[in-house]
Amino acid sequence: MIPGPTELPPPVIQALNRPAAIQYDDSFDLGMLEPTMLALRDVFQTRNEVLLMPGSGRTALEAGATSVIEPGDRVLVVGAGQFGALMRDIMNRVGAAWTEFNVELGQPLDLKALAAEAERLRPKAITLVHNETSTGTTYPAAQVGEIARRVGALFMLDTVSAIAGIDVRTDEWGVDLNMTGSQKCLAAPLGLALVSVSARAWEVMERRTQPARSWSYDLLRWREHWIPESRGGKVKDGAPRRQPVSIPTHLTAAMQVAVRLILEEGLRQRFRRHEVAASALRAGVQAMGLELFPDASLWSNTVSCIVAPKNVEPPAVVTRMRDQYGILIGTGLDKIRTTTLRIGTMGITASPLYVMPTLSALELTLRDLGYKSEPGAGLTAAQRVFADA
Ligand SMILES: Cc1ncc(COP(=O)(O)O)c(C=O)c1O
């Protein structure tokens, strides 16, 4: 029940059990990779290309940043937690002249102030973490996208802990680079980075004065070697193409099944399932007398950040709960590592099957550590939410 990597659905696990494939053979390239990339467009709610590359969420963020930002470019980074800070560090590496727009941990983003800062700076890009996994908060990506559009900036969105769990409308919100990883709500194995790229982002890459410094993760090279002309790329339709780096065949097989499961369930139903599971979890922990860390307007449906009771150490909760009750949750991160706990409701764990035992184990663990609540109160509250859903 940590906020990723999350449990894998059995059909996804089974997809990994296959002989090695040759990554450049048509049976893989056209038979598996292509349909997976195309189906991912529906998950991303985009008509743009979704690139699938070896790596993780950070690879996707770095590929995006490396490809569109040149040294000295102004970038406005919204920082509302550990993963906003990560984006700032990546921007630092690519030589951006970044400015951080700081948001107090767990608190709302002042959109008016952000808009004013964007007007003042006129940055080349604005970055946002849609779902800040470190604080259990979801930020208003649509509105930040509007601000970016108004000042002519690219909108770079980290959706690592959002995609396929909460609504991410890539095209409707004007997301130019939607960057994510495979191991959270997509419920695929860790090891793939995913990036969708808008027409505006391709234009910015084409206008670079110097090529990107990375060979493997220069997205423009992916476009030149890999994407057919009919989809905005440079490869003649039907002509052989080259994988910009060798694509991991097993992980793609698993991703193909993960995407099929997501689309069979339907995005609306999937988002609703995450919403119900997270609401039940929150109701449960509150009924135990615990508080959620963030402001209620920002509560995330994929990760809940809970204030640990006084005199109870979060690492002790995690260890006891794992060793005694067999359920793994996370501590907080960074500045709130020693005061908070985090529980994921992602992919298949967004269900009563996982949430109910977690609440039961949490109650017993806290009791073992000296924090007493009304026995079963958390379970009753959560059950009510599931029953009413
Ligand atoms: C919001 C967010 N961004 C970026 C990352 C980094 O992703 P990865 O660990 O896949 O490199 C994470 C990981 O938890 C995350 O939650």
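Rules behind the numbers
- Residues numbered from 1 in each chain as written.
- Predicted model: local features only at pLDDT ≥ 70, side-chain atom pairs only at ≥ 80, totals over all residues.
- Heavy atoms only, no water.
- Helix = DSSP H or I, 4+ residues; strand = E, 2+ residues; numbered from the N terminus.
- Contact = heavy atoms within 4.5 Å.
- Polar contact = N/O pair within 3.5 Å; in protein donor to acceptor, adjacent residues only side chain to side chain.
- Axes fitted to C-alpha atoms, helices over the stretch in contact; angles between N-to-C directions.
- Parallel < 35°, antiparallel > 145°, perpendicular 65-115°, else oblique.
- Left-handed = near helix turned anticlockwise from the far one by under 90°.
- Nonpolar A, V, L, I, M, F, W, Y, C, P; charged D, E, K, R; others polar.
- Core = buried A, V, L, I, M, F, W, Y, C linked by side-chain atoms within 4.5 Å.
- Buried < 20%, exposed > 50% of the residue type's maximum accessible area, 1.4 Å probe, protein only.
- Pairing = 2+ DSSP bridges.

1. Comments concerning the environment of Arg273
Thinking step 1. Within the secondary structure layout, Arg273 lies in helix 10 (residues 267-287).
Thinking step 2. Distance in space between the C-alpha atoms of Arg273 and Thr345 is 9.5 Å, their sequence separation being 72 residues.
Thinking step 3. Look past the residues within four positions of Arg273 in its chain and what remains in contact with it is Glu265, Gly347, Ile348 and Ala350.
Thinking step 4. Side chain to side chain, Arg273 and Glu265 meet in a polar contact 2.6 Å long.

2. Examining the packing of helix 3 (residues 57-68) against helix 4 (residues 82-93)
Thinking step 1. At their nearest, the axes of helix 3 and helix 4 sit 10 Å apart, and the two run at 45° to each other. Judged by the inter-axis angle, helix 3 sits oblique to helix 4. Crossing of helix 3 against helix 4: the hand is right-handed. Of the residues in helix 4, those in contact with Arg58, Leu61, Glu62 and Ala65 of helix 3 are Leu86, Met87, Ile90 and Met91.
Thinking step 2. Classifying every residue of the contact of helix 3 with helix 4 by side-chain character gives 6 nonpolar, no polar and 2 charged.

3. Some points on the nonpolar core
Thinking step 1. Judged by nonpolar contacts, the single largest core of 91 residues is most densely connected at Leu51, Met91 and Leu219.
Thinking step 2. Sequence-distant contacts of Leu51, that is, excluding residues within four places in its chain, are made with Met37, Ala193, Leu194, Val195, Val197, Trp202, Leu219, Trp222, Trp226 and Ile227.
Thinking step 3. Of all hydrophobic cores here, the second largest spans 28 residues; its members include Ala277, Met288, Ile306 and Ala382.

4. Some thoughts on the sheet that holds strand 9 (residues 192-197)
Backbone hydrogen bonds hold the strands of a sheet together, and the pairing may be parallel or antiparallel.
Thinking step 1. The 7 strands lie next to each other as 1-9-8-7-4-2-3, forming an open sheet whose pairing is mixed. Of all the strands in the sheet, the pair left with one neighbour each is strand 1 (49-54) and strand 3 (97-102). Neighbour-to-neighbour, the strand axes of this sheet turn through a mean angle of 20°, independent of strand direction.
Thinking step 2. Two strands pair when backbone bridges link them, and strand 2 (residues 74-79) and strand 4 (residues 125-129) are joined in this way by 3 bridges, in the parallel orientation. Bridge pairing in strand 4 links Leu76 to Ile126.

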